[in-house]
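The primary structure of each chain is shown beneath.
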Amino acid sequence: MLAVQNLEVVYEDVILVLKGVSLAVPDGAVVALLGGNGAGKTTVLRAITGLLDVHRGSVTKGSVTLDGEPIHALDAPAIVAAGIGQVMEGRRIFSEFTVDENLRVGGHRAPRAEIPARLDRIYDLFPVLAERRRSVAGYLSGGEQQMLAIGRAMMAEPRVLLLDEPSLGLAPLVVQRIRDLIVDINRAGTSVLLVEQNANMALSIADHGYILETGKVVMDKPAAELREDEDVREFYLGLRQEGAASFRDVKHYKRRKRWLS
Amino acid sequence: MSVPRAVRRGRPELYSDYAADMALLNTPAKRAWSAAILVAAVALPLLLDRDLLGLATQVVVYALAGIGLNLIAGYAGQLSLGHAFFMGLGAYTAALLGGTGGATVRGYELDLLVWLPLAGVVPALFGWVVAPLAARVKGLYLAILTLGLLFVGEHVFKEASWLTGGSGLGRAPAEAVVLGFDLYEARVLLGREIPAEGVFYLFCLILLVVLGVLARNLARSRTGRAFAAVRDRDIAAEVMGVPLVRTKRLAFTLSSFYAGVAGALLTVLLGYTTPERWNLLLSIDFLAVVLIGGVATVTGPIAGAAFVVLMPRFIETFAGSLPFIAGTVGAPGILNVFQLQRMLFGVMIVVFLVLEPRGLFGIWIRVRNYFRAWPFSY
């Protein structure tokens, strides 16, 4: 189980971004982390994968543990070795490499003998990539690039996969496919922490959900309950009982957020 | 998985696995060309005179250093201006171990089998030590940091007169003697006399082929992919488990090794060296070798080295027939040959950056792709 306890993160020694965030990703679960822009979702992921120092941030309080072992003091490669994989926001594939080479970089820490088997597994999971294994990754479509980014992270065979907005900039149909892939990956035994703006998609596959606002977890419930929660439906799923919203109603939103006391 | 010969016939581009695709000589055309170029290169000592052979050797040595710089600047994407310093370090390591001592300088007259490897290893160790510092910065900042290294190095070289002979004086290089066999002495081969430069040329050529194949092989390995991953997307590479500092450090170390070996060979070739030689201009020469030849290639720097070494000679030879160019400094004319060389050099770098960023190698790729698709346009 990946656990984040009371995590506090400060950027540039002055900007307090996370104010005591706790969350847990049990083995085999899909956990969604929702929140608006600037809530600190990506920062949580950075803290887990050891990328804070690149962004001049640091953990000032709290801990990140994987099966009880603290990992927040390790550097990024060691965290990968411990079994955590991350798919970064905006895909960040190596656009001059071929699909095959991208995946091989993903298996950088894997024993050499295992690489062919792992490649085969990824190509089974993503037949689209198998068709284009020799294509230069920069010429892939957005959806294919996202699949490549996920496949690349899976090459390290992580126990926990962190996904940062895998639906970003993709057509609804492609988002469906990515969603199904995440379900497949999870069924094969990898726990998933899914960071999303697309709450609809995230909550449809998650077991549990956390809602983050301005650096705090304001709600923490099983996904089924979140889907039914009136406020979540309004603010994150865009669903309302009444008809069209007028500007006056919008102004009322702030008042009606019960969790911000 | 192998494809039957009958199916492969006429389809040089048909690969059935990654290993075949990534093989060093993966097409018959490549095999044929490599063999032809190698034969031509080996036959050179029989064809050229001493003067041109010296120039050819310089091309080979420059190519070696260029490949080294391309490892760090091209493959790993870390712009280094300190290349001349590492070459100097290699040259002086070699001169100290393999050279003759004198009134002011020390020398231990050891065998080439001792000094040549150490001429690579000492700069490599130094690179290994300074790399973690350099790994903290990237881009222009790294260029400035390595520039600082170059200046510090130049100063130390000037002051350490027991090693370098001191500023403006210089010292003789190491003796290229392997187990009593002098590599810088005229020999008879196939009934023909080959001048000393030719013998040394062949030796350098062997080193170039060996180290070139090693670099090319490295580029397609896990390490090579790690270099390129760090170059293209360093943070994404880190989340893949590619250790940034260790990867950059390895690139620095390897690059310095190549630089050191090339520096040692260059001094042997030139027969003399002063501390001023290992300056910024030399580093820029090698940036030109890489840029003109082709960034992140191994064949590129060889072409780039030929260009950088031969162009000044070319201009020198033909400038005499131009009316406004003075053959020597001080002779009447608007420019002298040396000024013209420098100017054309700068112009060529700009032209290549703008028109063909992949360098001579890029031009070759275009020509190759044209004929590969012929008679169709693509």
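Residues numbered from 1 in each chain as written. Chains lettered and ligands numbered in written order. Predicted model: local features only at pLDDT ≥ 70, side-chain atom pairs only at ≥ 80, totals over all residues. Heavy atoms only, no water.

For chain B, the count of helices and strands is 16 helices and six strands. Taking 21 Å as the expected radius of gyration for a compact globule of 378 residues, we find that chain B reaches 22 Å, a close match to that expectation. Across the 378 residues that make up chain B, the buried fraction comes to 48%. Residue pairs at least 24 apart in sequence account for 73% of intrachain contacts in chain B once pairs closer than 6 positions are excluded. Distance between charge centroids for chain B: 13 Å, based on 30 positive and 21 negative side chains. (Helix = DSSP H or I, 4+ residues; strand = E, 2+ residues; numbered from the N terminus. Rg over C-alpha atoms; globule rule 2.2 N^0.38 Å. Buried < 20%, exposed > 50% of the residue type's maximum accessible area, 1.4 Å probe, protein only. Contact = heavy atoms within 4.5 Å. Lys, Arg positive; Asp, Glu negative; His and termini not counted. Charge placed at Lys NZ, Arg CZ, Asp CG, Glu CD.)

Each partner contributes residues to the interface: chain A has 29 residues there, and chain B has 22 residues. Roughly 2400 Å² is buried in total at the junction of chain A and chain B, and carbon and sulfur atoms are behind 63% of that figure. Taken together, the links from chain A to chain B amount to zero salt bridges. In this structure, the connection of chain A to chain B is made through four residue pairs in polar contact (both at pLDDT 80 or more). Every element with two or more residues in the side of chain A that touches chain B is listed here: α2 (76-82), α3 (99-106) and α6 (142-154) of chain A. Among the elements that make up the side of chain A that touches chain B, the one with the highest residue count is α3(A) (five residues). Of the residues belonging to the side of chain A that touches chain B, the class tally is 14 nonpolar, six polar and nine charged. (Buried area = accessible area lost by both parts, 1.4 Å probe. Salt bridge = Lys/Arg side-chain N within 4 Å of Asp/Glu carboxyl O. Polar contact = N/O pair within 3.5 Å; in protein donor to acceptor, adjacent residues only side chain to side chain. Nonpolar A, V, L, I, M, F, W, Y, C, P; charged D, E, K, R; others polar.)

Before going further, it helps to examine empty space enclosed by the protein. One simple way to see leftover space: roll a probe sized like a water molecule over the atoms. Under the defined criterion, the tally for this structure stands at one cavity of 30 Å³ or more. Lining the largest cavity are A:V80, A:I84, A:G85, A:Q86, A:G106, A:R152, A:A153, A:A156, B:V239 and B:M240. If you list the elements that add at least two residues to the lining of the largest cavity, you get β6 (84-87) and α6 of chain A. Considering every element that reaches the lining of the largest cavity, the biggest residue donor is β6(A), with three residues. A breakdown of the residues in the lining of the largest cavity according to their chemical character gives six nonpolar, three polar and one charged. (1 Å grid on protein atoms, 1.4 Å probe; cavity = no way out; pocket = protein on both sides within 12 Å on 5 of 7 lines; lining within 4 Å. Points joined across faces, edges and corners; volume = space filled by probe spheres on them.)

Next up on the list: the packing of aromatic side chains. Residue and element names in this part refer to chain B. This structure, assessed with the given rule, holds 13 aromatic pairs over all chains. Measuring from ring centre to ring centre gives 6.4 Å for F86 and F252, while their planes differ by 70°; the resulting arrangement is edge-to-face. Taken together, the positions of F86 in helix α5 (residues 83-98) and F252 in helix α12 (residues 244-270) put the pair 166 residues apart, joining distant regions of the chain. Summarising the burial analysis for this pair, F86 and F252 share the class buried. Of the aromatic side chains, those joined through ring pairs into one cluster are F85, F86, Y92, F126, F157, F252 and W278. (Phe/Tyr/Trp six-rings, centres within 6.5 Å; stacked < 30°, edge-to-face > 60°.)

As a further point, take a nonpolar patch on the surface. Residue and element names in this part refer to chain B. A contiguous nonpolar surface patch, about 920 Å² in accessible area, is contributed by W33, I37, I363, W364, V367, Y370, F371 and W374. For the nonpolar patch, the secondary structure elements donating two or more residues are α3 (28-47) and α16 (359-373). With five residues, α16 is the single largest residue contributor to the nonpolar patch. Assignment of secondary structure puts F371 in helix α16. (Patch = residues over 30% accessible without salt bridge, like charges linked within 9 Å, V, L, I, M, F, W, Y side chains within 5 Å. Areas by Shrake-Rupley, 256 points an atom, 1.4 Å probe, with all protein chains shown as cover.)

Let us look at the pairing of strand β4 (residues 57-66) of chain A. Residue and element names in this part refer to chain A. Both strand β1 (residues 2-11) and β4 contribute to a ladder of eight bridges, which runs antiparallel. Bridge pairing in β4 places Q5 opposite S63. The loop that links β4 with its antiparallel partner strand β5 (residues 69-70) comprises two residues; one of these, D67, has a positive phi angle of about 50°. (Pairing = 2+ DSSP bridges.)

Before going further, it helps to spend a moment on the domain arrangement of chain B. Residues and elements named next belong to chain B. Segmenting chain B into domains produces domain 1 (47-277) and domain 2 (279-378). A straight line from the C-alpha centre of domain 1 to that of domain 2 covers 22 Å. Listed as interface residues are 31 residues of domain 1 and, on the opposing side, 22 residues of domain 2. Roughly 2200 Å² is buried in total at the junction of domain 1 and domain 2, and carbon and sulfur atoms are behind 76% of that figure. (Domains from an automatic or database assignment.)

Before going further, it helps to spend a moment on the side chain of B:T93. Residue and element names in this part refer to chain B. Along the chain, the position of T93 falls in helix α5. With relative accessibility at 12%, the residue T93 sits in the buried group. Apart from the residues lying within four places of it in its own chain, the contact partners of T93 are L118, A119 and V122.

Residue and element names in this part refer to chain B. The interhelical angle for the contact between α5 and helix α13 (residues 280-293), taken along N-to-C directions, is 110°, at an axis separation of 7 Å. The pairing of α5 with α13 is recorded here as roughly perpendicular in orientation. Like other packed secondary-structure pairs, α5 and α13 cross with a definite hand, here right-handed. Seen from α5, the contacting residues are H83, A84 and M87; seen from α13, they are L282, S283 and F286. Split into classes, the residues belonging to the contact of α5 with α13 amount to four nonpolar, two polar and no charged. (Axes fitted to C-alpha atoms, helices over the stretch in contact; angles between N-to-C directions. Parallel < 35°, antiparallel > 145°, perpendicular 65-115°, else oblique. Left-handed = near helix turned anticlockwise from the far one by under 90°.)

Taken as a whole, chain B shows an average pLDDT of 87; of its residues, 95% reach a score of 70 or greater. Both scores are given for the predicted complex: the pTM is 0.84, the ipTM 0.75. (pLDDT = per-residue confidence, 0-100.)

We now examine the nonpolar core. Membership of the largest hydrophobic core comes to 89 residues, with the highest contact counts inside it found for B:Y62, B:M87, B:W115, B:L116, B:F200 and B:L265. A total of 15 residues in this core trace back to one element, the largest contributor, which is helix α4 (residues 50-75) of chain B. For B:F200, the residues in contact, after removing those within four places along its chain, are B:T57, B:A176, B:L183, B:Y184, B:L265, B:V268 and B:L269. Counting 49 residues, the second largest nonpolar core, distinct from the first, contains A:A110, A:Y123, A:M147 and A:Y236. (Core = buried A, V, L, I, M, F, W, Y, C linked by side-chain atoms within 4.5 Å.)

What follows concerns the pattern of salt bridges. All names here are of chain A. Within this structure, the stated rule accounts for 17 salt bridges over all chains. Residues R121 and E157 are paired through a salt bridge, measuring 2.6 Å at the closest nitrogen-oxygen approach. Residue R121 is found in helix α4 (residues 115-125), and its partner E157 is found in the loop between α6 and β7 (160-164); the two are separated by 36 residues along the sequence. The partly exposed category is assigned to E157, whose relative accessible area is 34%. The partner of R132 in a salt bridge is E144, and the shortest N-O contact between them spans 3.0 Å. Taken together, the residues span a long stretch of sequence, with R132 in the loop between α5 (127-131) and α6 and E144 in helix α6 at a distance of 12 residues. Each member of the salt-bridge network shares a partner with another, and the members are E114, R118, R121 and E157.

Take the pairing of strand β3 (residues 30-34) of chain A next. Residue and element names in this part refer to chain A. Across the five residues of β3, five count as buried, placing the element largely inside the fold. Where β3 meets strand β8 (residues 191-196), five bridges bridge the pair, whose relative direction is parallel. Residue pairing for β8: L34 is matched across the bridge by E196. Bridge count for β3 against strand β9 (residues 208-213) is four bridges, and the pairing is parallel. Residue A32 lies in a different strand from β9, and its bridge partner there is G209.

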